[in-house]
Each structure stands twice: as structure tokens, then as C-alpha cells.
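Residues per chain are reported as follows:
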Amino acid sequence: MNENELIEQISWQIDKNNKDRVPKKTLSEENFARKFRPALFQAFADLGFKRNGWKWSRFVDYATKTPEDYAYLYNRVLRLVLDLKNSYDDFFELGIEGGTCQFPNPLADLNRLESLFLEYFKTYYKIKNQLHYDLPRQNYAGSMIRGKIKWDETIKNSTSIFPLEFHSIVQRKEFTTPENILLILCAEWIYKESSRLLLEDYADPLSENQVTKLEKIISNAKSILTNFPLPNVLLHSKRYWGMNAKDARINNLISDTQNRIKKNEITNEGYADLLEWIIKFREQNIWLVNSQTPTQRPLKTRKNLDAMYEAWIFFEFANYCEKTGRLRDIVIQKGERKFEFAYNGYRMIFRWERKFFPPGEGDEEGSDDKHAWAAEAWPDFTVFLDDEIIGVFDAKNYSLDEGETSPINKILAYMTNLDTNLGVLFFPYKPMCWDDFDRSTKIKKSSIAIKKYSPNISENELNMMIRNITEKRWNDLGAREKIILGLYMPKPEFTRRHQRDPTKAMVENPNLTMSLVRFTPSPDPLWISMREEAIEFVLSELTKRISTKIVSKYLLE
């Protein structure tokens, strides 16, 4: 039994069409699986999941998720990459099993690519139906009446009562304008790139649906190139065929069109839409696709999900810094992934997957003996102030019932080895919050909180409040209800654990802080607000370290 077969079998166990189905919660219990589904559990062990640290319950959760469950994480990373790119030349590659995945990835996002092409076709017909001809003005003087007569100039230059020569403005029709050339050129790009995508010999072949979509796009683009009503424009545009979409000569066409729009020489709004479309097309980087490009979204494997979770956290932090005016620069291409952000006049650097070696170890390029002193360290994220590490973070894409001991020990080891007093662990389902609890847990927790808040409350009032509270989600609770629960429950976004660092007691140093931070990939407004609160919490903890570093340097001087 291979991995895909195991996933299908587990999904079938809880399928409503299966007469012998079992609840997912029951199937997730290891003892149940060992006793009643031994073949599945044995396959789970034989495929190496157990050996690689997976718990049975996590794999069941992973196997029973639908493509829609993964879609948000993928689409959110894609949206953030597009929003944070410095230019259309930027793209992001994520290391996955079997190679890399590019963002944007035109093949994995063929629906998005198809939508982009359909947007062009709509713009094309909008322009074609009101085709704008460039009509440059020319001065004319002669006995024939042409165009709009300039009477002031005609009378001024006349030597008789009746003018023998008329001065006027005439307009000469010209079809080969920059904007019309671009209009055809875009169709040629679509035809060329779609044809290449269809013929590429991929390691993972295109699906029948993907082939059908590409063939439809090719047919529509070919129709435009064959039936365009202005043959001179079509002929002139061929000078640019074969050029890369980023070629300087094509940039000149774009600049000329932009200038003509600004001068109101172009009145058809479709041409402005065309320029916007060209930006989107360039961002796709379709020409980078080759036979090794994945043809599907690379999420449904255990390692790829974890890698995507890390990428998502990195881009959410960068996006938040941009929204709050703190982002200064971001690097997302191969090499060192990082972004710089400012706070109170100080610049910090958030680095992803920076590897550290102790003195004398590591290769020449990767050696970094200024930070690690005991062992090699490779945390998911590190934050620098100047050349000093002020925070170290790790992302753990764990299920709800997986333990915290191992990652806590790991982050504490990083903190010691890299000499920093802030460590953060990101989990998708921890710390648990109100919406995670079942009804019995909500009743127990709310009862304790209400009694502590109002020691003299009557039994009837207590029961009424408990019923009222336990039926609601966190976002639906009133302000007073949230205050009551919040006073006696840990804040849902994060938990903190502190320990005084005796070696740094000589300065006003904050406690060593290790925090578990809730980072749930979901479009639900609750989780979005929690993420932003958690990010602000982490940034505020970092700023405390800025003060510490300043005091330390001052004392040393």
C-alpha cells in the first residue's frame, strides 16, 4: 500500500457512503487503529511516517482534509507573494519534495492563468468594437476646403475679399499605433506560451482538464491573430514577435501608450485595461515553466505542508509590517530570504532559514561562528538587530493532540546556543482557545471563571450565564463575557513562559521568554484577528530586546 492508497483508505473509513464508517475522532485514536484497523496502521508504520515523528492522529487529520482545506494556505501565500513583490521580475521558489515550486506557478494555477487570458479576450473585444485610430493633426493650406478651417489664420493671410487659400487642421488616419501593436502582441504571447505549455514533456503529465483548457486558450488566441481586421497592424506587430515580454523595445511601446493616454490622445478605456493586463501577465513568469515544473499544487505531502506553513508565516509577518508602515525591503528569490522592518528608528532583519555553525565548522560560505557557539543551529526564523540575534522562532505544523515537549526543548536549545532571550513557537492549533473546546469543557471553564468573577452569584444566575456563554463562538461573545473568561483563561493567541537570566542581571534585561503562538491558516475573521494580535505581540517582545541591546552597549562603552 503506497501513501496515496493509505490516504484514500483512511478517507473512506469516515465517508458517509461507507456503511461501516467510524467517527474521525475514534479513527484518530491509536489504540483503536491498532486493534480494529491493523492493516492501515501497519501501512502507516511501513511507509515511515511513525519513524519520521508523525503521530497516527496527525496523519488521519492530514489524510481526511479536502483540497479546499489546503486551498486557503496555498492561495494566501500566492496572494502575499504577488502583493509583496518589488517588481514583476521577482518570484518565489519553495523547496518541496522532488524539487521546487514557483510562486506564481502558472501550471498549478491553470484556473488563474485561464482567468487572466479570458480577461485579455474581454479587453480585446472591448477595444476592437470601438477601435481607436490614432488621428494626428496636420496643418493644411490650399484652395481646397479640408478639415476644420482656422478662420483667424485664413482671414489674416487673405489678400482679397473672398479667400483664395484656406488654412485648416486635417487629421490623417494611422492604424499602426503603439497601443494597437501591443493589443496584437499580447495575443501572440498567449498563443506562443500556451502552445509551449501544452507541448512540454512534464515529469508529472498534465491532466485532461488542463489540456482542454490550454487548447481552448490557444484556439482563441489563434483566431485573433488570423482574423484581426487591420492587416497593416498585424504585419507591423510581427517585428516584435519572438521578443521577451520584458524586452526594452516592448517597454518603449508601453511608455508611448502611457504617454498618449496621459495626453488624452487615446479615449478608449480598454487600452488602460490592456496595460494593467500586461503587468499581470509579466508577474506570472510563464516563460520560466519547464519540464520539471509541478503541474499540481504541491501541498498534499507531509513535508510540503510543513514547508508551506513556514512560508506562510514569513509572508504574513512581512505583510503586517507593510500594512503598518514598517516594511523597508524584502528579498524573496533564491538565496537568503529576508525582510527589513523599522521600529522606533531602528532597523531589524527577519531572516528565514539562516543556518549557523560553531567556530571551525561549516563551509566557507555558510560558516557563521559569531553566533552559534556549541552546535550547528538551523531555526526556521531569526531576527537581527544590527549583527545580534534578538529572537529565534520555529514553526510546528502539528495537530491538536501532538505534544509540545520536543519543540519546546528544541527552541530552548536554540536560544542557549545562539545567545538570545526570546524564543517563539508557532502552532496552527495551540494554544487552544474558546472555539476549540467541546461543550463540556466550555461549561467547566466558564463556571470557574464566573464564580471567581462573581463569588456571590446565585445558582440560577450562574446556570443562565453558562448556558448563554457556551452556545456562542468567541467572536459572538459580549465584551463583559470576554472579560470574565479572559481574566481566568490564558489569552488565546499565545502563552508565555519566563525565566530570569542571571548572566544578564547587570542590565535592565527582560526575562527569558519562550512563547507558544497560535497561527491558524484560515479565512475566518477570528483567526485573522488572532494572527494580527499574535504578530503585534511578537514585534512588541522584539522591541523590548532593542532596549536591552542599547543599554548593554551603553554600559560597555
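The structure displayed is predicted, hence computed values, not measured ones.

Any chance you could explain the overall build of the chain here in plain terms?
Of regular secondary structure, the chain possesses 19 helices and 13 strands. Here the chain holds 557 residues, and 48% of them are scored as buried. Taking the contacts inside the chain whose residues are at least 6 apart along the sequence as the reference set, 69% of them involve residues at least 24 apart. Of the accessible surface of the chain, which amounts to about 29,000 Å², a share of 49% is contributed by carbon and sulfur atoms.

Would you mind going over helix α9 (residues 178-199) with me for this structure?
In an α-helix, one full turn covers 3.6 residues, which means residues spaced three or four apart are oriented alike. Compared with the 32 Å implied by 1.5 Å per residue over 22 residues, the 31 Å span of α9 between its first and last C-alpha is a close match. Burial within α9 is extensive, with 17 of its 22 residues counted as buried.

Where do I start with the confidence of the model for the chain in this structure?
Detailed reading of the predicted coordinates is not advisable wherever pLDDT is low. Looking at the chain, pLDDT values average 78 and 72% of them are 70 or higher. Of all secondary-structure elements in the chain, the lowest mean pLDDT belongs to strand β2 (residues 99-103), at 55, while strand β9 (residues 381-385) reaches the highest, 93. This model gives residues 132-136 a pLDDT under 50, and the stretch forms 23 contacts once residues within four places in sequence are excluded.

Whenever I open this one, the pattern of salt bridges confuses me. Can you help?
In a structure, side chains of opposite charge can pair up when their charged atoms sit close to one another. Within the structure shown, the criterion is met by 19 salt bridges. Glu316 is the partner of Arg76 in a salt bridge, and the nearest nitrogen-oxygen pair spans 2.7 Å. Here the residue Arg76 occupies a position in helix α6 (residues 67-84), and Glu316 occupies one in helix α14 (residues 302-323), the gap between them amounting to 240 residues. Under the relative-accessibility criterion, Arg76 is labelled partly exposed at 22%. The shortest N-O distance in the salt bridge between Lys126 and Asp273 comes to 3.0 Å. Placement of the pair is Lys126 in helix α7 (residues 110-128) and Asp273 in helix α13 (residues 270-284), with a sequence separation of 147 residues. Judged by its relative accessible area of 32%, Asp273 falls in the partly exposed class.

How should I be thinking about the pairing of strand β7 (residues 337-343) in this particular structure?
Every other side chain in a regular strand lies on the same face of the sheet, so the side chains alternate between the two faces. For β7, a buried count of five out of seven residues is recorded, marking the element as mostly surrounded by other parts of the structure. By the bridge criterion, four bridges tie strand β6 (residues 327-331) to β7 in an arrangement that is antiparallel. Residue pairing for β7: Leu327 is matched across the bridge by Phe341. Direction of pairing for β7 relative to strand β8 (residues 346-352): antiparallel, over a ladder of seven bridges. In the sheet register, Ala342 faces β8, and the bridge partner there is Arg347. Connecting β7 to the next strand, β8, in antiparallel fashion are two residues, including Asn344 with a positive phi near 55°.

What should I look at first to understand the packing of aromatic side chains in this one?
Aromatic ring pairs are defined here through the distance separating the ring centres and the angle between the ring planes. Counted according to the given criterion, the structure contains 29 aromatic pairs. Note on Phe44 and Phe59: the rings are 5.7 Å apart at their centroids and 55° apart in plane angle, and the pair reads as tilted. You can see Phe44 sitting in helix α4 (residues 38-46) and its partner Phe59 sitting in helix α5 (residues 56-63), a full 15 residues away along the chain. For the pair Phe44 and Phe59, a shared accessibility class is recorded, and that class is buried. Taken together, a centroid distance of 5.6 Å and an interplanar angle of 65° make the contact between Tyr120 and Phe121 edge-to-face. Between the NZ or CZ atom of Arg351 and the centre of the ring of Phe384, over which it lies, the distance is 4.9 Å. Sitting over the face of the ring of Phe427, Lys430 holds its NZ or CZ atom 5.6 Å from the ring centroid.

How should I be thinking about the packing of α9 against helix α10 (residues 208-227) in this particular structure?
The relative placement of two packed helices comes down to the angle between their axes together with the axis-to-axis distance. Between α9 and α10, whose axes approach to 9 Å, the crossing angle comes to 150°. Taken as a pair, α9 and α10 cross one another with a handedness that is left-handed. Listed contacts from α10 to Ile184, Ala187, Glu188, Ile190, Tyr191, Ser194, Ser195, Leu197 and Leu198 of α9 are Val211, Leu214, Glu215, Ile217, Ile218, Ala221, Lys222, Ile224 and Leu225.

So what exactly am I meant to see when it comes to the packing of α9 against helix α12 (residues 248-262) here?
One way to put it is that α9 packs onto α12 with a least axis distance of 9 Å and a crossing angle of 135°. Taken together, the axes of α9 and α12 lie oblique to each other. In the packing of α9 onto α12, the handedness of the crossing is left-handed. Two secondary-structure elements touch here, α9 through Pro178, Glu179, Ile181, Leu182, Leu185 and Trp189 and α12 through Ile250, Leu253, Ile254, Asp256, Thr257 and Arg260.

Sorry, what's going on with the environment of Met243 here?
Relative to the assigned elements, Met243 resides in the loop between α11 (231-237) and α12. Here Met243 falls in the buried class, since its relative accessible area comes to 11%. Met243 sits 54 residues away from Trp189 along the chain, and the two C-alpha atoms are 9.4 Å apart.

Cut-offs used in this document
- Positions within a chain are numbered from 1, following the residues in the order the chain's sequence is written.
- For this predicted model, a pLDDT threshold of at least 70 governs which residues receive local features, and a threshold of 80 or more governs which side-chain atom pairs are given and counted, while totals over whole chains, interfaces and linings are taken from all residues.
- Hydrogen atoms and water are omitted, and side-chain values are computed over all heavy atoms in the structure.
- Runs of E in the DSSP output that reach at least two residues are strands. Runs of H or I that reach at least four are helices, and both are numbered from the N terminus.
- Categorising residues by exposure relies on relative accessible area from a 1.4 Å probe, with only protein chains included: less than 20% of the type maximum marks a residue as buried, more than 50% marks it as exposed, and the intermediate range marks it as partly exposed.
- We call two residues in contact whenever any of their non-hydrogen atoms come within 4.5 Å of each other.
- Computed with a 1.4 Å probe, the accessible areas rest on the Shrake-Rupley method; for each residue, only the protein chains presented here act as cover.
- To estimate how far a helix should extend, the number of its residues minus one is multiplied by 1.5 Å.
- Each residue carries a pLDDT score, the predictor's own confidence in it, on a scale running from 0 to 100.
- In what follows, salt bridge is the name for a side-chain nitrogen of Lys or Arg lying within 4 Å of a carboxyl oxygen of Asp or Glu.
- One requirement defines pairing of two strands: DSSP has to find at least two bridges between them.
- Paired rings are identified among Phe, Tyr and Trp, the last through its six-membered ring, by centres lying within 6.5 Å, and are further divided according to the angle between planes into stacked (under 30 degrees), edge-to-face (over 60) and tilted (the rest).
- By definition here, charges over rings are those cases where NZ of Lys or CZ of Arg is within 6 Å of the ring centre and within 35 degrees of the ring normal.
- Angular values range over 0 to 180 degrees, each being the angle between N-to-C directions of two axes fitted as lines to C-alpha atoms, with helices fitted over their stretch in contact.
- The hand of a helix crossing depends on one turn: near helix anticlockwise from the far one by less than a right angle means left-handed, and clockwise means right-handed.
- Roughly parallel refers to an angle under 35 degrees, roughly antiparallel to one over 145, roughly perpendicular to one between 65 and 115, and oblique to any angle outside these ranges.

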